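Topology and contacts: notes
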Amino acid sequence: FFAPISSSHKCAILTLHNPSRRNVLTPSMMIDLAAHIQDLENICIKENGGKKEFVALLLRGEGGYFCSGADLLLARQRLASPEGGAAMSLFMSHWTTRLRRLPLISVAGINGGGVGGGT
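First things first, this report covers the structure right here in the doc. A quick note: this is a predicted structure, and the numbers were derived from the prediction, not measured.

Basis of the calculations
- Sequence positions are assigned chain by chain, starting from 1 and proceeding in written order.
- It should be noted that, the model being predicted, local features are given only for residues of pLDDT at least 70 and side-chain atom pairs only at 80 or more, the latter also being counted only at that level, while totals for whole chains, interfaces and linings use all residues.
- Note that the side-chain values use all heavy atoms of the structure and ignore hydrogens as well as water.
- Here a strand is any run of E in DSSP of at least two residues, a helix any run of H or I of at least four, and the numbering for each starts at the N terminus.
- Burial status follows relative accessibility: with a 1.4 Å probe on protein chains alone, a residue under 20% of its type maximum counts as buried, one over 50% as exposed, and anything between as partly exposed.
- In what follows, residue pairs with any heavy atoms lying within 4.5 Å of each other are defined as contacts.
- Per-residue and other accessible areas follow the Shrake-Rupley method at a 1.4 Å probe size, with only the shown protein chains counted as cover for residues.
- Buried Ala, Val, Leu, Ile, Met, Phe, Trp, Tyr and Cys residues that are joined via side-chain atoms within 4.5 Å together make up what is termed a nonpolar core.
- Expected helix span is taken as 1.5 Å per residue step, with the number of steps being one fewer than the number of residues.

**Thoughts on the overall build of the chain**
Each helix and strand in the chain was counted, giving three helices and four strands. Secondary structure elements of the chain, listed N to C terminal, follow the sequence β-β-α-β-α-α-β. Split into buried and exposed, the 119 residues of the chain put 37% on the buried side. In the chain, 75% of the contacts between residues at least 6 apart in sequence involve partners at least 24 apart. Carbon and sulfur atoms make up 59% of the accessible area of the chain, which amounts to about 7,300 Å² in all.

**Regarding the nonpolar core**
Considering soluble globular proteins, one finds that nonpolar side chains tend to be buried as a cluster. Within the largest apolar cluster, 24 residues are counted, with the highest numbers of intra-cluster contacts made by Leu16, Leu25, Leu40, Phe54, Leu57, Leu102 and Leu104. Of all the elements in the fold, those that place two or more residues in this core are β2 (11–16), α1 (27–47), β3 (56–61) and α3 (82–100). A total of eight residues in this core trace back to one element, the largest contributor, which is α1. When residues no more than four places from it in sequence are discounted, the contact partners of Leu102 are Ile37, Leu40, Glu41 and Leu57.

**Describing unusual backbone geometry**
A positive phi angle, near 55°, is found at Arg22, a position not held by glycine. Here Arg22 lies in the loop between β2 and α1. One non-glycine residue, Asn23, lies in the positive phi region at around 60°. Among the structural elements, Asn23 can be located in the loop between β2 and α1.

**A closer look at the environment of Arg101**
Structurally, Arg101 can be placed in the loop between α3 and β4 (105–109). Arg101 gets classed as exposed once you look at its relative accessible area, which sits at 64%. When the C-alpha positions of Arg101 and Glu41 are compared, they lie 9.3 Å apart, and in sequence the two are 60 residues distant.

**Notes on the side chain of Asn23**
Here Asn23 falls in the buried class, since its relative accessible area comes to 0%. Leaving out residues up to four positions away in the same chain, Asn23 has contacts with Leu16, His17, Asn18, Gly61, Glu62, Tyr65, Phe66, Cys67 and Ser68.

**Here's the deal with α3**
Given a rise of 1.5 Å per residue, 19 residues ought to cover 27 Å, and the 27 Å separating the end C-alpha atoms of α3 matches this to within 8%. Every buried residue belonging to α3 is among Gly84, Gly85, Met88, Met92, Trp95, Thr97 and Leu99, and all of these are buried.

Below, the structure written as structure tokens:
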């Protein structure tokens, strides 16, 4: 549900790809996001001391909509217990923190609507 990381002029491009549902974040997309962040971290570590492959990251949505938030139908299953809700929150908090700490200039290309929550 995330398009593979592409690049243009030293900019990594990460695209949310669930346009039929306005790029709602499903649990599998959350896992894909974590894998892409790990890939970017590995690329940045490999570049340390050498020529940089990327200097920036563009996060965008496909199909005229950035992101309509978490998939509430599937999230409800995960949030059925306090433990499930805590685990989902911890998972996303961990990976969004790692995204924020990437040594790249990060830009969100927000077109159309964008909905989110959290602290």
